[in-house]
Amino acid sequence: MSFSDRNGKAQGLCLLGSTGSIGTQALAVAALFPDRLRVRALTAYANVERLVQQARRFRPACVAIGDVEKYATLREALAGTGIAVLAGAEGLCEAATRSDVDTVLAAVVGFAGLAPTLAAVRAGKKIALANKETLVVAGALVTELAERHGAVLLPVDSEHSAIFQCLLGEPKEAVETLVLTASGGPFRTRPKETFDAITRAEALCHPNWSMGHKITIDSATMMNKGLEVIEARWIFGLDGARIRVLVHPQSIVHSIVVFRDGSAKAQLGVPDMKVPIQYALTYPDRWPAPHPRVDWATLGRLDFEEPDLDKFPCLRLAFEALEHGGTAPAVLNAANEQAVALFLEERIRFTDIPRLIERALEALAARPDRLSFELLADADARARRRVQELHRLAVH
Ligand code: NAD
Ligand code: MG
């Protein structure tokens, strides 16, 4: 394979959420290919120190900080470097739509990632999408706008990258089912009766992946898989009834596609997000890289089992929200973000997370005629408020 880009030009990157788990791994990938991947813009919420280190190393044209209070410190730290400094949600949108940016890695966590991702979609960028919440909240809107503006969405989430790879060269009508694999998280074998006592530290200890706090808790409740089911519905355009979840504790089979002739394809690899991140940046090519390989001879076994929806009600709630449609997935997502934040602050129990989400869904899920950004943002805000209220009144 030739090492020069298809059109001989380096790809300009904007990393939204560069200081996070996905963002830093994306920079590790960019560092492997300095001639082909040019970092043009970096953004973070509040971690000025890490953002400054990254900016000094990768020399982007601009950086943006979400927390406007940190703007002055960031500007001072980068004075004399020639790097433009932006701030606030508008700053992130400006970074994502620059003319020297070809590809935007959407790796902000949560609903906060929706606005800059939408801006990139409207600007017709290639989007390497890690921020699953964007599609959970606004899947219809994002995919419709992507089509209208010629933006390409490439999945970074390992399961969706796996399915995307399995589908290459296959007609859509040949697909019977998508099977998303799930590690099962740290509590797969823990008895349900002890779930009330789960601590923050226990929930943050994921067996196979090292990730940001929010997604680590989502993996422990299995809401992460629920969000991924909704994400898959929008990326691959299949309804929820044809998307299955299977627990696979080794996290080697990243997902499976079953076809109508009974054949199935899976994509396998060591659990390392640099692989799907790189693939989203290099598709349709594969660039040589030193990421770890599976040692097939010592792998031993691959296990699969049905998920326990009774033990992990968040997964059931996500399927129900997808089926309900309208604002239900946005309410599910916002209530989950708020409940996870409360759990991380050690103000609620692990088992309160699904209870609060279910109550928010019961009260707020609606089916309006059209889902605009404003309407979804309103549903998001109301669901957060509802969870805070329920918590204050201790009705969970
Ligand atoms: P993280 O918490 O490690 O990093 C989040 C990044 O977003 C940080 O750079 C932070 O500064 C920025 N950010 C947070 N809030 C912001 C706000 N309000 N405005 C602007 N920027 C903000 O999270 P992560 O684990 O890297 O996950 C990022 C996204 O990728 C999530 O949607 C997650 O579900 C998805 N994802 C992560 C992994 C993983 O292995 N970490 C795997 C698959 C998908
Ligand atoms: Mg995943």
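What follows concerns the coordination of the magnesium ion (ligand 2). The magnesium ion (ligand 2) binds to the protein through Asp157 (OD), Glu159 (OE) and Glu228 (OE), with metal-donor distances spanning 2.1 to 2.2 Å. Motif for the magnesium ion (ligand 2), donor spacing along one chain: D-x1-E-x68-E. Linking Asp157 in the loop between strand 7 (152-155) and helix 7 (158-167) with Glu228 in helix 10 (residues 223-236), this pair joins segments that are 71 residues apart in sequence. Classification of Asp157 as buried rests on a relative accessible area of 8%. According to the relative accessible area criterion, Glu228 is buried, its value standing at 1%.

Okay, the site of ligand 1 next. Residues in contact with ligand 1 amount to 22 residues; listed here are only the nearest, Thr19, Ser21, Ile22, Tyr45 and Glu133. Taking Ser21, its main chain carries an N or O atom lying 2.9 Å from an oxygen atom of ligand 1. For ligand 1, whose unbound accessible area comes to 830 Å², protein coverage reaches 86%. Those elements that place two or more of their residues in the shell around ligand 1 are helix 1 (21-32) and helix 6 (132-149).

Let us now look at the pairing of strand 7. The pairing of strand 6 (residues 126-129) with strand 7 spans 4 bridges and is classified as parallel. Bridging across to strand 7, Lys126 finds its partner in Val152. This β-α-β element, strand 6 to helix 6 to strand 7, shows right-handed connectivity.

On the basis of which strands lie adjacent, the open sheet formed by 7 strands has the order 4-3-2-1-5-6-7 and parallel pairing. Lying at the two open borders of the sheet, with one neighbouring strand each, are strand 4 (84-87) and strand 7. Across the sheet, the axes of successive neighbouring strands diverge by a mean angle of 20°, strand direction being ignored. In terms of strand pairing, strand 1 (residues 11-16) meets strand 5 (residues 103-106) through 4 bridges, oriented parallel. Paired with Leu13 across the strands is Thr103, a residue of strand 5. In the packing of helix 4 (residues 88-96) onto the sheet, contacts are made with strand 1, strand 2 (37-44), strand 3 (62-65), strand 4 and strand 5, and the angle to strand 4 comes to roughly 130°.

Enumeration over the complete set of coordinates arrives at 24 salt bridges. Notably, a salt bridge pairs Glu202 with Arg190, separated by 3.1 Å at the nearest N-O pair. Here Glu202 is found in helix 8 (residues 200-203), whereas its partner Arg190 is found in the loop between strand 8 (175-182) and helix 8, with 12 residues between them in sequence. Judged by its relative accessible area of 32%, Glu202 is partly exposed. With a closest N to O distance of 2.8 Å, Glu306 and Arg244 form a salt bridge.

Here is what the cut-offs are and how they apply
Residues numbered from 1 in each chain as written. Chains lettered and ligands numbered in written order. Predicted model: local features only at pLDDT ≥ 70, side-chain atom pairs only at ≥ 80, totals over all residues. Heavy atoms only, no water. Donors = N, O, S within 2.8 Å, 3.2 Å for Na, K, Ca; no water. Helix = DSSP H or I, 4+ residues; strand = E, 2+ residues; numbered from the N terminus. Buried < 20%, exposed > 50% of the residue type's maximum accessible area, 1.4 Å probe, protein only. Near = heavy atom within 4 Å. Polar contact = N/O pair within 3.5 Å; in protein donor to acceptor, adjacent residues only side chain to side chain. Areas by Shrake-Rupley, 256 points an atom, 1.4 Å probe, with all protein chains shown as cover. Pairing = 2+ DSSP bridges. Right-handed = clockwise from strand over helix to strand, strands pointing away. Axes fitted to C-alpha atoms, helices over the stretch in contact; angles between N-to-C directions. Contact = heavy atoms within 4.5 Å. Salt bridge = Lys/Arg side-chain N within 4 Å of Asp/Glu carboxyl O.

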